Amino acid sequence: MSLVFTALFSLQSNAQVCGCAPGKTSYTITGFQTISSVVSSPSYVFNSCFVLAPYATLFIDVYAVFDNCNFWEGQGSVITVGNYAEFSGGQNTVGACGQDAQGIHLLPYSILQANNLVFNAGYFWLNTAVTAAQGSQVLANGNFSIYDTDLGIQCNNCSLLNLSGTYMTYPAIGILCTGRPSIAITNSIINANSYALSCIYSTSGATPFFQAWNSTFSSGTGNAYSGFATIKLQNPSSTPLSLFGNAFVKNCTINMQASRKGVELWNLNGFQVDGNDININQNVAMTGIYPAGVYLNNCPNTTSKTTILHLLVMLPTTFQEG
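Residues numbered from 1 in each chain as written. Predicted model: local features only at pLDDT ≥ 70, side-chain atom pairs only at ≥ 80, totals over all residues. Heavy atoms only, no water.

### So, the overall build of the protein
Rules: In DSSP terms, a helix is any run of H or I states spanning at least four residues, a strand is any run of E spanning at least two, and both are numbered starting from the N terminus. Note on exposure labels: buried denotes an accessible area under 20% of the residue type's maximum, exposed denotes more than 50%, and partly exposed covers the range between, all computed with a 1.4 Å probe on protein chains only. Residue contacts follow a heavy-atom distance rule, with two residues in contact if any of their heavy atoms lie within 4.5 Å. In short, Shrake-Rupley with a 1.4 Å probe defines the accessible areas, and a residue's cover is counted only from the protein chains shown.
Check the secondary structure of the protein and you find 2 helices and 31 strands. Taking all 322 residues of the protein together, the buried fraction comes to 52%. A fraction of 61% describes how many contacts in the protein between residues 6 or more apart in sequence connect residues 24 or more apart. Here the protein has roughly 13,200 Å² of accessible surface; of this, 54% comes from carbon and sulfur atoms.

Put into structure tokens, the structure is as follows:
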């Protein structure tokens, strides 16, 4: 009797979590469907719910604004932005109701405006909340929250990440970038199990800018011996890369809960790491491990004026190589 009750409760719960709430206009997406073919007025979609069948694609092919909408992704399904998608007004949510749900993918030169967008759990974790292709932009100004994903934002040579009011809770990596994206992060909280932010710059391309201001970055609970940093910006060329304008990490809190380094910079010129509080957790203050609050390798004209709060041992503020 109890087994039957449990099974029925599970089915009912699944329907409630992955189905559409009463009072919302509901759409089921199968195969490949464009937003312009699904709704009559894609320029403003209000109080609607989209359920994506396994391996379905909802393609945002026109300028579309979503207000108080829910999206449930089945196994392997994805929301693809090929134009401009804005999530604002009432809270919009994206959740996974099948394994390997893909979140939102931005095609080259498309734009995601995430002013009120929350990625949360259905019954599975999302693979990646946002994957941004070459030349695309991710903009947020308000409630942009990412829960229960393997990776928060993956920027594959996207052009711009401009995040304000962004919150992430412990994906494996918060933000992972390649190429030469311009990055601005303000008033945000990025918690990750390893890197909160990792960017490996290309050796050629447009000159990007980088600004992190008044935000919290945490390294989570990963293996302290793995050598990762809470924030790592790396230029693989031995010729230091000069970023556009004033590049800095300022007035931020860096929680080294399991990382070897707080802010790690390689081959960058003219960077400022000023006025931050860096907290070194006891998990990394172990015999044979020498964590550094700020680690610089071949970074000329770079300043570091950072307050470090050591929980167990006193360590140098900055470690400079090169």
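From this point, the narrative continues.
### Things to note about the pairing of strand S8 (residues 78–81)
Convention followed: At least two DSSP bridges between two strands are needed for those strands to be called paired.
The alternating pattern of S8 places Val78 and Thr80 and Ile79 and Val81 on opposite faces, both of which are buried. One ladder, built from 4 bridges, connects strand S5 (residues 57–60) with S8; its direction is parallel. Each bridged residue has a counterpart across the sheet, and for phenylalanine 59 the counterpart in S8 is threonine 80.

### Description of the state of the cysteines
Rules: A pair of sulfur atoms, both from cysteines and within 2.5 Å, is called a disulfide here.
A complete count under the given rule lists 3 disulfides for this structure. What pairs with cysteine 18 in a disulfide is cysteine 97, and their sulfur atoms sit 1.9 Å apart. Here the S-S torsion is close to -100 degrees, and the disulfide linking cysteine 18 with cysteine 97 is therefore left-handed. You can see cysteine 18 sitting in helix H1 (residues 2–18) and its partner cysteine 97 sitting in the loop between strand S10 (92–96) and strand S11 (104–106), a full 79 residues away along the chain. With a relative accessible area of 10%, cysteine 18 lands in the buried category. Once the bonded cysteines of the protein are numbered in order along the sequence, the disulfide links fall as 1-4, 2-3, 5-6. Looking at cysteine 199, it has no disulfide partner, and the nearest cysteine sulfur is the one in cysteine 177, 4.5 Å off. A relative accessible area of 0% means that cysteine 199 is categorised as buried.

### Concerning the packing of aromatic side chains
The cut-off we apply is this: Between rings of Phe, Tyr and Trp, where Trp is taken as its six-membered ring, a pair exists when centres lie within 6.5 Å; planes separated by under 30 degrees are stacked, by over 60 edge-to-face, and by other angles tilted. By definition here, charges over rings are those cases where NZ of Lys or CZ of Arg is within 6 Å of the ring centre and within 35 degrees of the ring normal.
Applying the stated criterion across every chain, the model contains 15 aromatic pairs. Three or more aromatic residues joined by ring pairs form one cluster here, namely Tyr27, Phe50, Phe66, Phe71 and Phe87. Looking at lysine 250, its charged tip hangs above the ring of phenylalanine 248, at a distance of 5.0 Å from the centre. Positioned over the ring face of tyrosine 295 is lysine 261, at 5.0 Å from the centre of the ring.

### A word on the pattern of salt bridges
Condition: We count a salt bridge whenever a side-chain nitrogen from Lys or Arg sits within 4 Å of a carboxyl oxygen from Asp or Glu.
Tallied over the entire structure, the rule returns 1 salt bridge. With a shortest N-O distance of 4.0 Å, glutamate 264 and lysine 232 are connected by a salt bridge. Taken together, the residues glutamate 264 in strand S27 (residues 261–266) and lysine 232 in strand S24 (residues 229–234) connect sequence positions 32 residues apart.

### Quick notes on the nonpolar core
The following threshold applies: We call a set of buried Ala, Val, Leu, Ile, Met, Phe, Trp, Tyr and Cys residues a nonpolar core when their side-chain atoms join them within 4.5 Å.
Counting 73 residues, the largest nonpolar core has Phe50, Phe66, Phe119, Phe144, Phe210, Leu233 and Phe271 as the members making the most contacts within it. Within the second largest apolar cluster, 6 residues are counted, among which are Leu151, Ile173, Tyr195 and Ala258.

### Quick look at unusual backbone geometry
Trans is the prevailing form of peptide bonds, just as negative phi is the prevailing case for residues other than glycine. Phi at asparagine 68 takes a positive value of approximately 60 degrees, unusual for a residue other than glycine. Relative to the assigned elements, asparagine 68 resides in the loop between strand S6 (64–67) and strand S7 (70–73). Exposure remark for asparagine 68: the relative accessible area of 23% places this residue in the partly exposed category.

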